[in-house]
Amino acid sequence: MLNVAGELSGDSWGIFTFLCAALCNLPALPALNCSEELGAGQSIQKTYDLTRYLEHQLRTLAGTYLNYLGPPFNEPDFNPPRLARATERVPSATVDLDLWRGLTDNARLAANYRAYSRLLCYLRALDGQAGTAELRHRLGHFCSSLQGLVLSIAGVMSSLGYPLPVGPTGPSVPPGTSAAPNDFLKKMDDFWLLKELQTWLWRSAKDFNRLKKKVPPAVVTLRLEARGLTSVTACHTEAGTCWCHRLLQTPKLRPPGTMLILTCPAQLQRLEAILRRSLPLTLPVLGAVMNINRGNPAEFEVAVDSWPDFGAVLTRHSGKVPVDDCYRSMQAAFYRDVGAYRALLETPGCLPWDNAFYIIGLQDGVPTVSQDIAGTKGIEVAISNVYFYVHPDRNALPEPRLDPDVRVGSLSPAHVDLLNETWPYGGNDRSRQYLAEVLRLFPNLCLQDKAGQPISWALTNHFGMGTHGYTLPSHRRRGCMQAVMILSARRAQAHGYPSFGFTVTGNQPMQRLHNKLGFQRLPGFCHYVLHNPSLGSAGI
């Protein structure tokens, strides 16, 4: 501790001596110079906090919505019996508490994950039917928060080593397929949806409160921080110890609009581990970081708002990209704090706002922030929402069945024109250059006929994601794409990569195939946000 004159006070000499000794032995004391990121305990705490926030948010929303329904639904003493129809549609939270508490943590988490996934689907249907703009806005905001809870529960399960539930997590009766016979029963459905959701949130808060007491924080760290000072941090890798200089500032003291590019191998490896603990929300970003840590074939880079306590992260191409090349100017985003994400995007030099570029992400704040910033800059954005699938276990995949005349192989650069012609987003020079780069840098898999010509294939892109799955029309309905997906998923997971990809909302055959093979569709959408679409050659 320094006094005003800059000299050590007598009582502080021992503390100063201890700190000097600790700093001299930093390589031997990694806990003193490294702040580990959130573990399972803190992930559970965040999920608990979100559940309590949703409880509070629902009280306001329910009051507004019941007033919209009118009497008797908005009367305080209205408490009708639950109809059999409501039981079929909405997951009931009515269960014996002793029976519920007797379940394993895994079983309770899985039940919460399934229930909120189904409830989210029904709430989205309410959002589309709400009669006032204010009510639609509140429902939309609540749906975004509830989607965050679903993904947060998935992150808790992942951090505890539990698999996500297998099988459909959507509604057993899709919204709109079994309309109520009259307006009163329709309002009863809505009333019970809100009531059951309220009970689920109340019980979930108790579940997470008990769970966080079982799982303590992973580490207790000592952080030596001083505003405006520079520290030297030891990053330990298999190759030895590298020393990284960083500005010592807590996130709250960090000036707005800060951007850091992570280049230290130890930091990037640590980031990969952090992102794995927040699966599946981090999937596109994690895939890019994994590629960076395994040779960085596409010359990508990682931008964060701060380190190590980052609030937002972007992965993108590190070099210059032509103004109209939206294919190679594609970045993936993940945030812990949407305010930090907005500040990162607004940082000068972070994004090429005069170019055509994509941002992809699984969080609803990704398109919202882009729209807000684009509006202030007077540029256009085009948003495409697609379904996102991930396979939890390669051992659960069935054995592929192939015709005797079909063999497994790989595509070559000579096939780039065939790919460009068959890709729905291709057919131009920029898309051809992009596909040629994907072929050259990343794994692909194809089935070949007797003559060695490709008949069905799937590529892997810069984010470790499956893309451009296609079967020639003359070879369809023979199980070719099923075999390609099975083999591709097994290979990805054998190399430590998650197996994931997207399907457009209108492609029902591919959606059925994903479900058949055990892929799990994540709640909500994966958002593809194209900025300056008029400059880009095509849109995804």
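It should be noted that the structure appears before, not after, this text.
So, here is what we can say about the structure in this document. Everything quoted here is computed from the prediction, not taken from an experiment. (Residues numbered from 1 in each chain as written. Predicted model: local features only at pLDDT ≥ 70, side-chain atom pairs only at ≥ 80, totals over all residues. Heavy atoms only, no water.)

1. Here's the deal with the pairing of strand 5 (residues 312–317)
Within strand 5, 6 of the 6 residues are buried, leaving the element largely enclosed by the surrounding structure. Two elements, strand 4 (residues 300–304) and strand 5, share 5 bridges in a ladder whose sense is antiparallel. Bridging across to strand 5, phenylalanine 300 finds its partner in histidine 317. In this sheet, strand 6 (residues 330–335) lies alongside strand 5 in antiparallel orientation, the contact comprising 4 bridges. Within strand 6, the residue paired with leucine 314 across the bridge is alanine 333. (Buried < 20%, exposed > 50% of the residue type's maximum accessible area, 1.4 Å probe, protein only. Helix = DSSP H or I, 4+ residues; strand = E, 2+ residues; numbered from the N terminus. Pairing = 2+ DSSP bridges.)

2. Points about the side chain of serine 152
Relative to the helices and strands, serine 152 resides in helix 6 (residues 133–159). Excluding anything up to four places from it in sequence, serine 152 contacts Thr47 and Leu50. (Contact = heavy atoms within 4.5 Å.)

3. Digging into helix 9 (residues 283–293)
Of all 11 residues in helix 9, 10 are buried; the element is thus mostly enclosed. Considered for burial, the residues of helix 9 that qualify are Leu283, Pro284, Val285, Leu286, Gly287, Ala288, Val289, Met290, Asn291 and Ile292. Two residues or fewer past helix 9, glycine 295 is found with a positive phi of approximately 110°.

4. Quick word on the packing of helix 14 (residues 480–494) against helix 15 (residues 508–516)
Between helix 14 and helix 15, whose axes approach to 11 Å, the crossing angle comes to 50°. On the basis of their axis angle, the class for helix 14 and helix 15 is oblique. Here helix 14 and helix 15 pass one another in a crossing that is right-handed. Together, Met481, Gln482 and Met485 of helix 14 and Met510, Leu513, His514 and Lys516 of helix 15 make up the contact between the two elements. Here the contact of helix 14 with helix 15 is composed, by residue class, of 4 nonpolar, 2 polar and 1 charged. (Axes fitted to C-alpha atoms, helices over the stretch in contact; angles between N-to-C directions. Parallel < 35°, antiparallel > 145°, perpendicular 65-115°, else oblique. Left-handed = near helix turned anticlockwise from the far one by under 90°. Nonpolar A, V, L, I, M, F, W, Y, C, P; charged D, E, K, R; others polar.)

5. Let's talk about the pairing of strand 12 (residues 466–471)
Judged from the 4 bridges that link them, strand 11 (residues 454–460) and strand 12 form a sheet pairing that is antiparallel. Bridge assignment links threonine 460 to a residue of strand 12, and that residue is glycine 466. Linking two consecutive strands that pair antiparallel, namely strand 11 and strand 12, is a turn of 5 residues; a positive phi of about 70° is found at glycine 464 within it.

6. Topic: the layout of surface pockets
In this model, the second largest pocket occupies a volume close to 1,300 Å³. Lining the second largest pocket are 43 residues, and of these Gly148, Leu281, Tyr335, Arg336 and Gln363 lie nearest its centre. Secondary structure elements with two or more residues in the lining of the second largest pocket: helix 2 (40–69), helix 6, strand 6, helix 10 (338–346), helix 11 (365–377) and strand 8 (381–391). For the lining of the second largest pocket, the element with the highest residue contribution is helix 6, accounting for 10 residues. Residue classes in the lining of the second largest pocket are distributed as 15 nonpolar, 21 polar and 7 charged. Per-domain counts for the lining of the second largest pocket show at least three residues from each of domain 1 (40–166 + 185–212) and domain 2 (260–391). (1 Å grid on protein atoms, 1.4 Å probe; cavity = no way out; pocket = protein on both sides within 12 Å on 5 of 7 lines; lining within 4 Å. Points joined across faces, edges and corners; volume = space filled by probe spheres on them. Domains from an automatic or database assignment.)

7. A short note on the environment of valine 416
If you trace the backbone, valine 416 turns up in helix 12 (residues 416–422). Between the C-alpha atom of valine 416 and that of leucine 435, which follows or precedes it by 19 residues, the distance is 6.5 Å. Sequence-distant contacts of valine 416, defined by excluding residues within four places in its chain, comprise Arg432, Leu435, Ala436 and Leu439.

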